[in-house]
Amino acid sequence: AQSVTQLDSQVPVFEEAPVELRCNYSSSVSVYLFWYVQYPNQGLQLLLKYLSGSTLVKGINGFEAEFNKSQTSFHLRKPSVHISDTAEYFCAGNAGGTSYGKLTFGQGTILTVHP
Amino acid sequence: GAVVSQHPSRVICKSGTSVKIECRSLDFQATTMFWYRQFPKKSLMLMATSNEGSKATYEQGVEKDKFLINHASLTLSTLTVTSAHPEDSSFYICSARAPSNEQFFGPGTRLTVL
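On a predicted model such as this, the values are computed, not experimentally measured, just so you know.

Parameters at a glance
- Residues numbered from 1 in each chain as written.
- Chains lettered and ligands numbered in written order.
- Predicted model: local features only at pLDDT ≥ 70, side-chain atom pairs only at ≥ 80, totals over all residues.
- Heavy atoms only, no water.
- Core = buried A, V, L, I, M, F, W, Y, C linked by side-chain atoms within 4.5 Å.
- Buried < 20%, exposed > 50% of the residue type's maximum accessible area, 1.4 Å probe, protein only.
- Helix = DSSP H or I, 4+ residues; strand = E, 2+ residues; numbered from the N terminus.
- Contact = heavy atoms within 4.5 Å.
- Salt bridge = Lys/Arg side-chain N within 4 Å of Asp/Glu carboxyl O.
- Disulfide = S-S within 2.5 Å.
- Buried area = accessible area lost by both parts, 1.4 Å probe.
- Polar contact = N/O pair within 3.5 Å; in protein donor to acceptor, adjacent residues only side chain to side chain.
- Lys, Arg positive; Asp, Glu negative; His and termini not counted.
- Pairing = 2+ DSSP bridges.
- Axes fitted to C-alpha atoms, helices over the stretch in contact; angles between N-to-C directions.

Q: Any chance you could break down the nonpolar core for me, citing the residues and the numbers?
A: Grouped together as the largest cluster of nonpolar side chains are 27 residues, with contacts concentrated most on Phe67(B) and Leu111(B). Taken together, the elements giving at least two residues each to this core come down to β2 (10-13), β3 (19-25), β4 (32-38), β5 (44-51), β7 (67-73), β8 (76-81), β9 (90-97) and β11 (109-113) of chain B. If we ignore the near neighbours within four places in the chain, the residues touching Leu111(B) are Val11(B), Cys13(B), Val19(B), Val81(B), Asp88(B), Ser89(B), Ser90(B) and Tyr92(B). Among the nonpolar cores identified, the runner-up in size contains 26 residues, and Val4(A), Phe63(A), Ala65(A) and Cys91(A) belong to it.

In structure tokens, the structure reads:
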């Protein structure tokens, strides 16, 4: 079974500083990986996804993530954060194949950007 | 991008009553929809996979008689929480899988059972 682990439950950072939100996955098959953002009392919005191809994936709002197969990681990065980036971020994956579409979510990381 | 709606966005009900939550894909047909539950300060937990025209597939530990799922058309899936109790209070989120295989999430429904 696949699991997704987000190593930090909360990440405080100052505005315009860089940020990295960490995500590790475990799987015995090829994977599809996603990062979602959730604002309070709202659903999830897709930031970016890795399906295949280039391991560096660029998403919306200036975020990017790098798929690292040897380290089984898919960390999310942004070089300069804004106050509006304050939200909860979820890493998710599925194992493809017959279970394609069933997402396994990490525990979430609350990013708080301080002025 | 594709839009998925949920109705209602918030519902408060008395213990013992049943509540129906609708999930609609507004601009695409979704043969598969998913229902998730999110506890406060917790991650999303997949409850069930809803397939149009067939029975839903429930995840381990989810009571199928309590959480009734119906996917009667290619744009609508419903989740009915039967005989709701305070422990059923939660944020319920649906997603719909587009023909591209990408999942689009609804805005969620906040259920409070008194």
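Moving on, there is more to tell.
Q: Break down the pattern of salt bridges for me, with residues and values.
A: Residues and elements named next belong to chain A. This model, assessed by the stated rule, comprises nine salt bridges over all chains. Residues Arg 22 and Asp 8 are paired through a salt bridge, measuring 2.9 Å at the closest nitrogen-oxygen approach. Of this pair, Arg 22 sits in the loop between β3 (19-21) and β4 (23-26) while Asp 8 sits in the loop between β1 (3-6) and β2 (10-14), and the two are 14 residues apart along the sequence. On the accessibility criterion, Arg 22 (31% relative accessible area) is partly exposed. The shortest N-O distance in the salt bridge between Arg 77 and Glu 20 comes to 2.8 Å. Of this pair, Arg 77 sits in strand β9 (residues 73-78) while Glu 20 sits in strand β3, placing them 57 residues apart in sequence. A network of salt bridges, in which partner residues are shared, links Glu 20, Glu 66 and Arg 77.

Q: If you had to explain the state of the cysteines to someone new, which residues and values would you point to?
A: Every disulfide links exactly two cysteines, by a covalent bond between their sulfur atoms. Scanning the entire structure with this criterion turns up two disulfides over all chains. Between the sulfur atoms of Cys23(A) and its disulfide partner Cys91(A) the distance amounts to 2.0 Å. Disulfide Cys23(A)-Cys91(A): the torsion about the S-S bond is -65 degrees, which places it as left-handed. Of the two residues, Cys23(A) sits in strand β4 while Cys91(A) sits in strand β10 (residues 87-94), which places them 68 residues apart along the sequence. Accessibility classification places Cys23(A) together with Cys91(A) in one group, the buried group. Across the disulfide, Cys23(B) is cross-linked to Cys94(B) (sulfur-sulfur distance 2.0 Å). Residues Cys23(B) and Cys94(B) share a disulfide whose torsion about the S-S bond is about 80 degrees; that sign makes it right-handed. On the criterion of sequence distance, the pair formed by Cys23(B) in strand β3 and Cys94(B) in strand β9 is long-range, its members being 71 residues apart.

Q: Give me the interface of chain A and chain B: which residues, what numbers.
A: Each side of the interface is counted separately: chain A has 16 residues, and chain B has 20 residues. Between chain A and chain B, roughly 1500 Å² of surface is buried when both sides are summed, and carbon and sulfur atoms account for 52% of that area. Across the contact surface, chain A and chain B share two salt bridges. Counting every contact that joins chain A to chain B gives five residue pairs in polar contact (both at pLDDT 80 or more).

Q: Can you tell me about the side chain of Arg37(B), naming the residues and giving the values?
A: All names here are of chain B. As for its position among the elements, Arg 37 is in strand β4. Within the buried core, Arg 37 has no salt-bridge partner, and the shortest N-O distance to an opposite charge, that of Asp 88, equals 4.5 Å. For Arg 37, the side chain forms a polar contact with the side chain of Ser 90, separated by 3.3 Å. For Arg 37, the residues in contact, after removing those within four places along its chain, are Ser 43, Leu 44, Met 45, Met 47, Phe 67, Glu 87, Asp 88, Ser 89, Ser 90, Phe 91 and Tyr 92.

Q: Now, about the sheet that holds β8(B): what can you tell me, with residues and values included?
A: Residues and elements named next belong to chain B. If you walk across this open sheet you meet the four strands as β1-β3-β8-β7, and the pairing is antiparallel. Each edge of the open sheet carries a strand with a single partner, namely β1 (4-7) and β7. On average, adjacent strands in this sheet sit at an angle of 15 degrees to one another, irrespective of strand direction. Pairing analysis gives six bridges linking β3 to β8, with the strands arranged antiparallel.

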